[in-house]
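# Coordinate analysis (summary)
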Amino acid sequence: MYVRVGAAMPRTPILSANVFVAAESGWADPGAGPVPRAALRSVKWVGGGKAPAGANLRYLTGPYRIVERDGIRVAIFGLTTHSLDRIVAARKNRGVAIGSPVAAARDLVPRLRKEADLVIALSHLGVDADRDLVDRVPGIDVVIGGHSHTPLFRPTLEKSEGGRATPIAQAGSWGRYLGRTTLRWGGDRARAAFGRLLEVRPEEGEAADVEAVLASYRARLGADLDRIVCRLPRRVETKGLSEGDHPLGNFVADVIRSRTGADIAIMNAGGIRSPLPGGEVRERDILSMLPFDNRLVVVRMSGAKVRSLLDGMARRYGKGGFGHASGVAYVARRGRAVEISVGGDGATRGEPLDGNRVYRVATIDFLADGGDYFDELRDAEPKERTEILLSTAAIEYLKANPDYRFGTDGRVRWRGSTEALRDLGVR
């Protein structure tokens, strides 16, 4: 599988040694060959469920490429996070499976060492998982990572089972940095690594070939994307989105509840990707903040199920997968949601949650299908699916409510001994 970025630009291969599809799938990479049984460990289908031990699977993409530079054969292989089954849209990726990245690497790296002088892992696992990979799979010369959005200003060194130090590099997120890692070749293997992050400065100009690709999109979409939605007195940041009450999280949840007329609305922090600027907010800014093709869904849940849903959100307070809410207020205490009220917010208390009442709960299709481990939403039936795009709903809401106040109102509050204990995950 390849990405072609423009007619005059090179085809860039997508590599992953641990993403699979059924052998008969039209998505299977025809040139990748069969998957060795040793690589098929802890295989899960996207959307939930373990793949049978004897499942006939093929690679979705090529697992590796070997290139030669200055007489040195370089093997590059890809790995994808094992949580893929819950962080991509399930309905659009039925039939895709994810296996253990460690098992895939243990199978592949010894074979690559026989074919190449240098072995590079392109990882979308996160820094901690990269360290675990190096600890458990000897023979990798360098890891170029992603997923955890960690800016490593110098490569970090991790020792493998054989005692060899392997550099791990990552360039953060949002295209702020370009990572450069230099390996010193010792005749038969890499002997040392040096690296740094180079700050990307758009104001210094863009590469002519990239600008040529973007120009065609600007010509077709520029006028629409430049339409002003509203004006804000100040920038609204994304920092702290997983730490409870947040201006952007509250806003998006409010949009979902308003558009659907539901009792309660839920939005995941990970679906909100960029801040809103101060001053003129244009449609392009809303699409940058909500870039995914998410549509609104309404489910029906008993009060007892809503409590279970909020308990799960309380357990993820300060962590990945945290959910924002509208139409409900609660206190997160010891991994539980307490003092739950419905029909108000932090400033105006609603009625106590009724365990026997059925509530209409609105969310996005990604969460309704179990994304980010929102199992309570996945299991809720019936589902009222709409064709309303979240980004469109947000644009329309701001145009209709230009004075909307981005802020916090205490709808989700933490109650613990100290903030430090919360950050340590102590319950």
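See the structure above.
Throughout what follows, the structure given in this document is the object of discussion. What you see is a predicted model, and the numbers here were worked out from it, not measured in a lab.

## With respect to the sheet that holds strand β18 (residues 295–302)
One key point about sheets: their strands pair by backbone hydrogen bonds, in either a parallel or an antiparallel sense. With respect to topology, five strands assemble into an open sheet ordered β19-β16-β23-β18-β24, the strand pairing being mixed. Taken across any chain shown, the strands that pair with only one partner, and hence form the sheet edges, are β19 (323–326) and β24 (383–389). Between one strand axis and the next, the sheet turns through 25° on average, direction left out of account. In this sheet, β24 lies alongside β18 in antiparallel orientation, the contact comprising four bridges. By the bridge assignment, Val298 is partnered in β24 with Glu384. Together, β16 (264–268), β18, β23 (358–364) and β24 form the strand contacts of helix α10 (residues 390–400), whose direction differs from that of β24 by roughly 65°.

## Quick word on the sheet that holds strand β25 (residues 412–414)
Reading across from one edge, β22-β21-β20-β25 is the order of the four strands in this open sheet, with mixed pairing throughout. Each end of this open sheet is capped by a strand with a single partner; those strands are β22 (351–352) and β25. The pairing of strand β21 (residues 336–342) with β22 spans two bridges and is classified as antiparallel. Bridging across to β22, Ser341 finds its partner in Pro352. The sheet contacts of helix α7 (residues 303–315) involve β20 (328–333) and β21, and relative to β21 the element is tilted by about 130°.

## Concerning the pattern of salt bridges
For the structure on display, the rule yields 33 salt bridges. Of the charged contacts in the structure, one is a salt bridge between Lys399 and Glu283, with a shortest N-O distance of 3.4 Å. With a gap of 116 residues between them, Lys399 in helix α10 and Glu283 in helix α6 (residues 283–289) connect regions that are remote in the sequence. Judged by relative accessible area, Lys399 falls into the partly exposed class, the value being 43%. Judged by relative accessible area, Glu283 falls into the buried class, the value being 9%. Ionic pairing is found between Glu339 and Arg415, a salt bridge with its closest N-O pair at 2.6 Å. Taken together, the residues Glu339 in strand β21 and Arg415 in the loop between β25 and α11 (419–423) connect sequence positions 76 residues apart. Residue Glu339 is classed as partly exposed on the basis of its relative accessible area, which comes to 38%. For Arg415, a relative accessible area of 35% translates into the label partly exposed. Through salt bridges with shared partners, one network takes in Arg86, Asp375, Arg378 and Asp379.

Reading the values: the criteria
Throughout, residues of each chain are indexed from 1 in the direction in which the sequence is written. A pLDDT threshold of at least 70 governs which residues receive local features in this predicted model, and a stricter bar of 80 or more applies before side-chain atom pairs are shown or counted, although totals over entire chains, interfaces and linings include all residues. Hydrogens and water molecules were not included; the side-chain quantities draw on all heavy atoms of the structure. Pairing between strands is defined by DSSP: at least two bridges between them are needed. Helix and strand assignments come from DSSP, with helices taken as H or I runs of at least 4 residues and strands as E runs of at least 2, each series counted from the N terminus. Only the stretch in contact is used when fitting a helix axis, every axis being a line fitted to C-alpha atoms; angles between N-to-C directions are given from 0 to 180 degrees. In what follows, residue pairs with any heavy atoms lying within 4.5 Å of each other are defined as contacts. Any carboxyl oxygen of Asp or Glu within 4 Å of a side-chain nitrogen of Lys or Arg constitutes a salt bridge here. Categorising residues by exposure relies on relative accessible area from a 1.4 Å probe, with only protein chains included: less than 20% of the type maximum marks a residue as buried, more than 50% marks it as exposed, and the intermediate range marks it as partly exposed.

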